[in-house]
Amino acid sequence: MGQIKAVVFDLDNTLYNYNGADEAAKVELCRYAEQRFGLSPDETMKLHREIMDEQMEELGRTAASHSRMIRCQRMLERLEKPLFPHAQAMCRIYWETLFDHMEIEQGAAELLRALSLYGIKVGVGTNMTAWVQFEKINRLKLGPYISSMVTSEEAGAEKPDLKFFLYVLKKMGCLPEECLFIGDDPRLDYLGAKAAGLKAAWYTRRADDANGYVKRDKKLEEKVEMRIAAFETCLTGDGIRLGDELIRYRR
């Protein structure tokens, strides 16, 4: 079993509760659309879903497919409403509300701090545009523990693409068997990392959230061999336990 030299975390629904923050942000987006354009919340969310699906289909698995700026722009174009100043205003309202409602996962800060103190490189590997993900980490106050950051915008590919994980290894400066990737999505994070030769663990705390973000795939989940249910259980008397991996404390 190779020694772990680097641990890389997904961000959304791994280091903080994305689902809850996203729901709050959508409420404010709906309020803006109702006040400015007379749309009901149901009408706004229906349009939002349609535009999001089109954005994903047309742009493919790229960082731009997540852009709320593009999403707001296209919503306004569909409504035949002025882009200025509404596109920027809607985008700003969405992100500021999401930032304000982020809740860090219990035990996450303590785990990242412990890893960094024991000389383990800590990284973040996330699909999404770079500025937004950096801002989230700043707001969560996790920056001091993170030595490397990879977004799909920088890598030019999204998880589970092999190119993304090879870029992670390049940034972390280690061999695949020396790097452990932790994330909430068994397909993107776990199987993607494993296919690239990395060690991987599925963070399962958000798996049962009934918000309709990711459909459960039981057959896929059965392929997962290493799981982490809660970060606060990772710090033990013997060391830092990440699934089957134990980073022993120095005596």
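Check the entry above for the structure.
Now for a description of the structure that goes with this document.

Parameters and conventions
Residues numbered from 1 in each chain as written. Predicted model: local features only at pLDDT ≥ 70, side-chain atom pairs only at ≥ 80, totals over all residues. Heavy atoms only, no water. Buried < 20%, exposed > 50% of the residue type's maximum accessible area, 1.4 Å probe, protein only. Helix = DSSP H or I, 4+ residues; strand = E, 2+ residues; numbered from the N terminus. Pairing = 2+ DSSP bridges. Phe/Tyr/Trp six-rings, centres within 6.5 Å; stacked < 30°, edge-to-face > 60°. Contact = heavy atoms within 4.5 Å.

### Remarks on the pairing of strand 1 (residues 6-9)
Part 1 of the reasoning: Side-chain alternation along strand 1 places A6 and V8 on one buried face and V7 and F9 on a second face that is also buried.
Part 2 of the reasoning: The sheet contact formed by strand 1 and strand 2 (residues 121-126) spans four bridges and is parallel. Among the inter-strand pairings, F9 is bridged to a residue of strand 2, identified as V124.
Part 3 of the reasoning: One ladder, built from four bridges, connects strand 1 with strand 4 (residues 179-183); its direction is parallel. Bridge assignment links V8 to a residue of strand 4, and that residue is F181.

### Comments concerning the packing of aromatic side chains
Part 1 of the reasoning: Evaluated as defined, the whole model comprises eight aromatic pairs.
Part 2 of the reasoning: Taken together, a centroid distance of 5.4 Å and an interplanar angle of 80 degrees make the contact between F164 and F165 edge-to-face.
Part 3 of the reasoning: Residue F164 is classed as buried on the basis of its relative accessible area of 0%.
Part 4 of the reasoning: Ring geometry for Y203 versus F231: centroids 4.2 Å apart, planes at 5 degrees, classification stacked. One end of the pair, Y203, is in strand 5 (residues 199-203); the other, F231, is in the loop between strand 6 (227-228) and strand 7 (239-242), and 28 residues separate them in sequence.
Part 5 of the reasoning: Given the relative accessible area of 0%, Y203 is considered buried.
Part 6 of the reasoning: Aromatic ring contacts, followed pair by pair, group Y94, W95, F99 and W131 into a single cluster.

### Some points on the environment of K194
Part 1 of the reasoning: Tracing the backbone shows K194 in helix 9 (residues 186-195).
Part 2 of the reasoning: For K194, a relative accessible area of 39% puts it in the partly exposed group.
Part 3 of the reasoning: Through-space distance from the C-alpha of K194 to that of V224 is 9.8 Å; in sequence the pair is 30 residues apart.
Part 4 of the reasoning: With residues near it in sequence (within four places) discarded, K194 still touches A200 and E225.

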